[in-house]
Amino acid sequence: MGDRMAMAHLQVNPEFKLQVVLEALQSDDTDAEVARVYDIHPVTLSNWKKKLKENESKAFGAGDELKEKKDKIAKLER
């Protein structure tokens, strides 16, 4: 359990967050199932999705790359 506690405080890079959010949006699986695949808590995934929707291109600290991904997400949600 000590390893899990240590990992809880690690920074996750923006690309990984975006990859997981995109997978959740594109997949027929539930958020919980996607979160399990990536070994993150479902609430964490939910928070990332919410943050992306609220903050658009600034959500995870990446610039134009994230804006392109956000546009793709918006298109997928339509």
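See the structure shown above.
**A short note on helix H4 (residues 42–55)**
Moving on, step 1. Look at H4: 20 Å from first C-alpha to last across 14 residues, which is about the 20 Å you get at 1.5 Å a residue.
Moving on, step 2. Three or more residues of H4 are buried, namely Leu 45, Trp 48, Lys 49 and Leu 52. Along the axis of H4, the buried residues cluster in a sector spanning 95°; they form a single face. Away from its buried face, by an angle of more than 90 degrees, H4 presents the exposed residues Lys 50 and Glu 54.

**Re unusual backbone geometry**
Moving on, step 1. Positive phi, normally seen in glycine, also occurs at Asp 39, with a value near 55°.
Moving on, step 2. You can see Asp 39 is positioned in the loop between helix H3 (31–37) and H4.
Moving on, step 3. Judged by relative accessible area, Asp 39 falls into the partly exposed class, the value being 47%.

**A word on the packing of aromatic side chains**
For any pair of aromatic rings, the description consists of the separation of the ring centres together with the inter-plane angle of the planes.
Moving on, step 1. Under the definition given, this model contains two aromatic pairs.
Moving on, step 2. Measuring from centroid to centroid gives 5.8 Å for Phe 16 and Tyr 38, while their planes differ by 75°, and the two rings are edge-to-face. Within this pair, whereas Phe 16 is found in helix H2 (residues 14–26), its partner Tyr 38 is found in the loop between H3 and H4, the two being separated by 22 residues in sequence.
Moving on, step 3. By relative accessible area, which is 24% here, Phe 16 ends up partly exposed.
Moving on, step 4. Consider the rings of Phe 16 and Trp 48, whose centres lie 6.0 Å apart with planes at 85°: the pair is edge-to-face.

**A short note on the nonpolar core**
Where a protein is soluble and globular, its nonpolar side chains tend to be buried together.
Moving on, step 1. Formed by Leu 18, Val 20, Val 21, Leu 22, Ala 24, Val 34, Ala 35, Ile 40, Leu 45, Trp 48, Leu 52 and Ile 73, the largest nonpolar core amounts to twelve residues.
Moving on, step 2. Among the secondary structure elements, those contributing two or more residues to this core are H2, H3 and H4.
Moving on, step 3. With five residues, H2 is the single largest residue contributor to this core.

**Section: a negative patch on the surface**
Moving on, step 1. A surface patch of negative charge is lined by Glu 23, Asp 28, Asp 29 and Glu 33.
Moving on, step 2. The residue Glu 33 is located in helix H3 in this model.

Quick notes on the rules
Residues numbered from 1 in each chain as written. Predicted model: local features only at pLDDT ≥ 70, side-chain atom pairs only at ≥ 80, totals over all residues. Heavy atoms only, no water. Helix = DSSP H or I, 4+ residues; strand = E, 2+ residues; numbered from the N terminus. Expected span 1.5 Å × (residues − 1). Buried < 20%, exposed > 50% of the residue type's maximum accessible area, 1.4 Å probe, protein only. Arc of directions from axis to C-beta. Phe/Tyr/Trp six-rings, centres within 6.5 Å; stacked < 30°, edge-to-face > 60°. Core = buried A, V, L, I, M, F, W, Y, C linked by side-chain atoms within 4.5 Å. Patch = residues over 30% accessible without salt bridge, like charges linked within 9 Å, V, L, I, M, F, W, Y side chains within 5 Å. Areas by Shrake-Rupley, 256 points an atom, 1.4 Å probe, with all protein chains shown as cover. Salt bridge = Lys/Arg side-chain N within 4 Å of Asp/Glu carboxyl O. Lys, Arg positive; Asp, Glu negative; His and termini not counted. Charge placed at Lys NZ, Arg CZ, Asp CG, Glu CD.

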